[in-house]
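Understanding the architecture of this molecule
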Amino acid sequence: MKFTCFHLMPYRALEREAAKTYRSAWVVLPNSFYDPIKGAEEYDSYLDQLVYAEELGFDAIAVNEHHQTAYGSMPAPNLIASALIQRTKSVKIAVLGRALPIVGNPINIAEEFAMLDVLSKGRLITGFVRGIGAEYHSTGVNPAFSHERFHEAHDLIIKAWTAPGPFEFEGDHYRFRYVNLWPRPYQSPHPPVWIPSMGSRETIVWASAPERKYPFLVTFSSEAAVVRYLTMYKEAAREHGYAADGDQLGWAVPLYVADTDTRARAEAKAGLESLFNDFLPMPWEMLLPPGYTSISSLKVTMKMRTSLGSRARNQTIDELIANGTAVVGSPATVREKIERVREQTGVNLLITMLQFGVMPDNLARRNMELFATEVMPHLRN
Amino acid sequence: MDRLVTRGTCVRALRGGVGSPILFLHGAGGMPGWLPFFERLSQHHALLVPEHPCFGASDDPHWIRDVSDLAMYYLDVLDAHYTSPVHVVGHSLGGWIATEAAVRNTQRFASLTLLAPAGIRVKGLPPGDNFIWSPEEAARNRFHDQSFAEAAIKAPPQSDEDIDLELQNKLAAVKFGWEPRWFNPDLEKWLHRISVPTHVIWGKEDKILPCAYARLWEERVTGPRVTIIDACGHLPQVERASEVAEQVATFLQRVSR
């Protein structure tokens, strides 16, 4: 297995009880809740954690993009990636990912990723996402054209990375007389592209196509859903006429290790429950604006993910552990749970979120250490 | 339900009555059933209520991308299905579509009636954010008289087919109204092109498109009649059906003389 240490960089200083009086910690939560002095301390802590992950032997460290929310502090993840490049030597740096449809000019994304790839001498892993529904509220981009813009922006970026410039690009949403990337990517033909997703059949079929074979990362899903989506990817690959490699299958999961199951559960509780009950919840109207998914996917998702849809019910750590949305326990327990998913799916990319919600630095760092020493070595191929 | 086919695009439609023709263009909530308001207008007019392309069970052609396309589509409808001028009545999104068509060409228009029309923006006075509201908030904000809202909240769509129609309506509303939110920045400067009698009707307590917008329409359109309905929300033709039907019927009678 290969291991990525992933961070959301949540704003832990959030006054959570006061924040609960708003519709969500996204879009409408007033930014007077954000204290830049505390925010600066958060960046220091989180950058230190990610840099520490290289020392601990992780294959990659990863950041991601979210806008106008206490859930994450990286509206411009490439800025963080750039800082990480300067503070690390050989670890891969993953940006999982940039939200393509919500930018006006995707060439900017192609350029910035090319810069990071050259700056890091080929250590960059890129990710392409559509952004979550809330980000169509916060950017104003029309979700009805989200899929079209994603595919067009993707095609443009890949062509900008691989085709000799200058060339002309004539799309429905993006049009350029001159596309001619300077610098162009360090890796050939281009940096790896990973596709994090909450799971939709359209995305899986597209990512697994032979001309792409993009690794697909299932995020925030129960164990049953992880198995279902990764199996769907393998089936899609088979329909495309090849067998998917384990390196095309990824699982992104909040994970906590302590010396005993009881202690792990006690220490992870506040972080995990705040992630799911304070930072993540948003109403359907924000999570899935019409057009963001097809109507058929929307109906399936609304049935399956009642959990994200409402503030009406708090989720407990016991439920999240029981359904496998979070992996928490002693080293032996954690190893066994990961093995179980690996046996069912062949998943080879594990994207661990080792700090989550309000979890303090000391617990996050001990979690990282225990995972790296007591779990990782046993799961290396 | 009736069908209306125009240059290969097939939509659902309601029809009733005989007399000089009225074309009613519905709002972003989708095609309503046969309202008492329609019943009243059809006493003296041949009323046609088509469901817009992209809404409900009508065709969803890829080439219809925005409200400009809908406006051109309705100019095609007027050409294809009428030989004499038509009274065009539009509510909210439908009022915006009717206006976009009218600034392009009023040859087929006998008059223009706009009920709480979208299409223009008064800076500093944004419309309500209907896309972020829960179904209950949306129902409450559509009406001033909350008994209408209560009825809507108590009767959500039940059958799978009704849910599909509602999801398709919501998708179409987003497609046409998300950005810029419920308006076309270029429309306001062309409102003087509307060369037929125009009647703007607004509920005084509209929480979606503020009633204050009526003043900008009054300034930009040449010589419109403006009627403000007291104690009324965003759907005057539903909430104050008989009063608004009388207002519309009287106006059409007057301009037809």
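Residues numbered from 1 in each chain as written. Chains lettered and ligands numbered in written order. Predicted model: local features only at pLDDT ≥ 70, side-chain atom pairs only at ≥ 80, totals over all residues.

Digging into the overall build of chain B
Test applied: By definition, any uninterrupted DSSP run of H or I lasting at least four residues is a helix, any uninterrupted run of E lasting at least two residues is a strand, and each is numbered from the N terminus. Here the radius of gyration uses the C-alpha set of atoms, whereas the globule reference equals 2.2 Å times the residue count to the power 0.38. Remark: C-beta atoms are placed from the backbone, and a residue is labelled buried if 20 or more other C-beta atoms sit within 10 Å of its own, exposed if 12 or fewer do, or partly exposed between those counts. Two residues form a contact once the distance between their C-beta atoms, set from the backbone, is within 7 Å.
Looking only at helices and strands, chain B has nine helices and eight strands in total. In terms of overall dimensions, chain B is globule-like: its C-alpha atoms have a radius of gyration of 17 Å, near the 18 Å expected for 257 residues. Along the three orthogonal principal directions, the C-alpha set of chain B runs to about 45 × 40 × 35 Å. By the burial criterion, 47% of the 257 residues in chain B qualify as buried. In chain B, of all internal contacts separated by at least 6 residues, the share reaching a separation of at least 24 is 73%.

As for the interface of chain A and chain B
Here is the rule we go by: Polarity classes work like this: nonpolar for Ala, Val, Leu, Ile, Met, Phe, Trp, Tyr, Cys and Pro, charged for Asp, Glu, Lys and Arg, and polar for all others, with Gly in that last group.
Across the contact, 14 residues belong to chain A and 13 residues belong to chain B. Looking at the side of chain A that touches chain B, the elements with two or more residues in it are helix H10 (284-287) and helix H11 (295-304) of chain A. Looking at side-chain class alone, the side of chain A that touches chain B contains nine nonpolar, four polar and one charged residues.

Overview of the environment of Pro135(B)
All names here are of chain B. Along the polypeptide, Pro135 turns up in helix H4 (residues 135-142). Pro135 gets classed as partly exposed once you count the C-beta atoms within 10 Å, which come to 14. Counting along the chain gives 18 residues from Pro135 to Ile153, while the straight-line C-alpha distance between them is 7.7 Å.

Some thoughts on the pairing of strand S5 (residues 167-170) of chain A
The two faces of the sheet receive side chains in turn, since in a regular strand these alternate between them. All names here are of chain A. Quick reminder of the rule: Here the rule is simple: two strands pair whenever DSSP picks up at least two bridges between them.
Alignment of S5 against strand S6 (residues 175-179), held across three bridges, turns out to be antiparallel. Within the sheet, the bridge partner assigned to Glu170 lies in S6 and is Arg175. Hairpin geometry of S5 and S6 is characterised by an intervening segment of four residues between the two adjacent antiparallel strands.

Side note on the confidence of the model for chain B
Condition: Predictor confidence is given residue by residue as pLDDT, running from a minimum of 0 to a maximum of 100.
On average, residues of chain B score 97 in pLDDT, and 100% of them are at 70 or above. Two numbers describe this predicted complex: its pTM, 0.96, and its ipTM, 0.95.

Points about the packing of helix H2 (residues 36-55) of chain A against helix H14 (residues 361-379) of chain A
All names here are of chain A. Applicable threshold: Every axis corresponds to a line fitted to the C-alpha atoms, with the helix fit spanning only the stretch in contact, and the corresponding angles, defined between N-to-C directions, vary from 0 to 180 degrees. In these notes the angle categories are as follows: under 35 degrees is roughly parallel, over 145 is roughly antiparallel, 65 to 115 is roughly perpendicular, and the rest is oblique.
The N-to-C vectors of H2 and H14 enclose an angle of 10 degrees; their axes lie 11 Å apart at closest approach. With respect to H14, the element H2 is oriented roughly parallel. Each of Ser45, Gln49, Tyr52 and Ala53 in H2 lies in contact with H14, whose residues at this interface are Asp361, Ala364, Arg365 and Met368. Classifying every residue of the contact of H2 with H14 gives four nonpolar, two polar and two charged.

Some points on the sheet that holds strand S4 (residues 45-50) of chain B
Residues and elements named next belong to chain B. Taken together, the eight strands give an open sheet; going across it, the order is S1-S2-S4-S3-S5-S6-S7-S8, and neighbouring strands pair in mixed fashion. Two strands in the sheet have a free side with no partner beyond their single neighbour: strand S1 (2-6) and strand S8 (225-229). Averaged over all neighbouring strand pairs, the angle between strand axes comes to 25 degrees, with direction disregarded. Sheet analysis places S1 next to strand S2 (residues 9-16), joined by five bridges and oriented antiparallel.

Side note on unusual backbone geometry
For the peptide bond that leads from Ser188(A) to Pro189(A), omega is 0 degrees, which places it in the cis range. Here the bond from Glu179(B) into Pro180(B) is cis, since omega is -10 degrees, no more than 30 degrees from zero. If you trace the backbone, Pro180(B) turns up in the loop between helix H6 (160-177) and strand S7 (198-203). Its identity as a non-glycine residue notwithstanding, Arg7(B) has a phi of 45 degrees, on the positive side. Take Arg7(B): it is sitting in the loop between S1 and S2. According to the C-beta neighbour criterion, Arg7(B) is exposed, with 9 such atoms within 10 Å. Positive phi, normally seen in glycine, also occurs at Ala231(B), with a value near 50 degrees. Relative to the helices and strands, Ala231(B) is located in the loop between S8 and helix H8 (236-239).

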